[in-house]
Amino acid sequence: MTGQRSFKMAVCVAVISKENYPLYIQTIPTEDELKFHYTVHTSLDVVEEKINNVGKTTNDLRELYLGLLYPTEDYKVYGYVTNTKIKFVVVVESSNTALRDNEIRTMFRKLHNAYTDMVCNPFYTPGDRITSRVFEKVVNGMMLQDS
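The sections below set out a description of the structure shown in this document. Quantities reported herein were computed from a predicted structural model and do not represent experimental measurements.

What about the pattern of salt bridges?
- Inspection of every chain in the model, using the stated rule, returns 3 salt bridges.
- The partner of Lys87 in a salt bridge is Glu48, and the shortest N-O contact between them spans 3.7 Å. Remark: Glu48 occurs in helix H2 (residues 33–57) and Lys87 occurs in strand E5 (residues 87–93); sequence separation between them is 39 residues.

Here we look at the pairing of strand E3 (residues 65–71)
- The buried fraction of E3 is high, at 5 of 7 residues.
- For E3 and strand E4 (residues 75–81), the ladder comprises 5 bridges, and the chain directions are antiparallel. The residue bridging Tyr70 from the neighbouring strand is Val77, located in E4.
- Linking two consecutive strands that pair antiparallel, namely E3 and E4, is a turn of 3 residues.

Examining the sheet that holds strand E1 (residues 10–16)
- Reading across the sheet, the 5 strands line up as E2-E1-E5-E4-E3 and stay open at both edges, with antiparallel pairing between neighbours. Two strands lie at the open edges of the sheet, namely strand E2 (22–27) and E3, each paired on one side alone. Each strand axis lies, on average, 15° off the axis of its neighbour in the sheet, ignoring direction.

Thoughts on the packing of helix H3 (residues 101–119) against helix H4 (residues 133–143)
- The geometry of H3 relative to H4 is characterised by a closest axis approach of 9 Å and an angle of 170° between their N-to-C directions. Classified by the angle their axes make, H3 and H4 are roughly antiparallel. Packed against H3, whose contacting residues are Met107, Lys110, Leu111, Ala114, Tyr115 and Met118, the element H4 presents Phe135, Val138, Val139 and Met142 at the interface.
- Partitioned by chemical class, the residues of the contact of H3 with H4 number 9 nonpolar, no polar and 1 charged.

Re the nonpolar core
- Counting 27 residues, the largest nonpolar core has Val15, Phe88, Phe108, Leu111, Tyr115, Ile130 and Phe135 as the members making the most contacts within it.
- Residue assignment for this core shows that the elements contributing at least two residues are E1, E2, E4, E5, H3 and H4.
- With 7 residues, the single largest contributor to this core is H3.
- Contact partners of Val15, with chain neighbours within four places excluded, come to Tyr21, Pro22, Leu23, Tyr24, Ile86, Lys87, Phe88, Tyr115, Ile130 and Phe135.
- Ranked by size, the runner-up nonpolar core spans 18 residues in total, among them Ala14, Leu66, Val77 and Val89.

Re unusual backbone geometry
- The residue Asn20 is not glycine, and still its phi comes out positive at about 70°.
- Residue placement: Asn20 occurs in the loop between E1 and E2.
- By relative accessible area, Asn20 is classed as partly exposed at 30%.
- The backbone of Lys85 sits at a positive phi, close to 70°, despite the residue not being glycine.
- With respect to the helices, strands and loops of the structure, Lys85 is situated in the loop between E4 and E5.

The rules we used
- For every chain, the first residue of the written sequence is number 1, and numbering continues from 1 onward in sequence order.
- Note on the predicted model: pLDDT of at least 70 is required for a residue's local features to be given, and 80 or more for side-chain atom pairs to be given and counted; whole-chain, interface and lining totals, by contrast, use all residues.
- Remark: hydrogens and water are excluded; side-chain values derive from all non-hydrogen atoms of the structure.
- Whenever Lys or Arg places a side-chain nitrogen within 4 Å of a carboxyl oxygen from Asp or Glu, that contact is recorded as a salt bridge.
- Put simply, DSSP marks the helices as runs of H or I at least four residues long and the strands as runs of E at least two long, and each gets a number from the N terminus on.
- Using a 1.4 Å probe on the protein chains alone, a residue whose accessible area is under 20% of its type maximum counts as buried, one over 50% counts as exposed, and one in between counts as partly exposed.
- Think of it this way: DSSP has to see at least two bridges between two strands before they count as a pair.
- Every axis corresponds to a line fitted to the C-alpha atoms, with the helix fit spanning only the stretch in contact, and the corresponding angles, defined between N-to-C directions, vary from 0 to 180 degrees.
- What sets the label is the angle itself: under 35 degrees gives roughly parallel, over 145 gives roughly antiparallel, 65 to 115 gives roughly perpendicular, and the rest give oblique.
- In this analysis, two residues are considered to be in contact whenever any of their non-hydrogen atoms come within 4.5 Å of each other.
- Charged means Asp, Glu, Lys or Arg here, nonpolar means Ala, Val, Leu, Ile, Met, Phe, Trp, Tyr, Cys or Pro, and polar covers whatever is left, Gly included.
- The definition of a nonpolar core used throughout is a set of buried Ala, Val, Leu, Ile, Met, Phe, Trp, Tyr and Cys residues joined through side-chain atoms within 4.5 Å.

So, in structure tokens, the structure goes:
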């Protein structure tokens with residue numbers, strides 16, 4: 001059970017289209033939803049900057065994990081971009097010191113796999129808002145903390 005605990009610590013998960021509009025945003029607690037929308041929106045500039053810098057260095061173009069985008073007083077914002085320019089943003093609490101970079105990478109891999117499975121659904125139109133219950137279940141699994 002302790003292995004699963006490390007994956008359940010995000011307070012906001014967002015999927016952003018390549019045109020930078022939100023396809024999916026889930027927050028806990030819900031009363032801070034507007035604040036997290038703003039946090040995700042402001043992180044897109046950092047994501048674009050990191051994507052452009054990766055293209056210039058050409059060391060590892062396959063690296064999808066962007067790492068820590070920026071820390072705030074209360075939260076840390078992490079980013080990931082797919083090869084189709086879909087962006088994933090995960091916000092975790094700064095007070096959460098148990099969450100290491102490796103767990104964040106694993107969280108993004110699970111999110112990417114769930115997104116890929118959802119896009120493969122013939123009834124999903126790429127670019128539409130994400131309404132998949134299976135995708136939402138994976139996201140909620142990353143967010144809900146064990147008591």
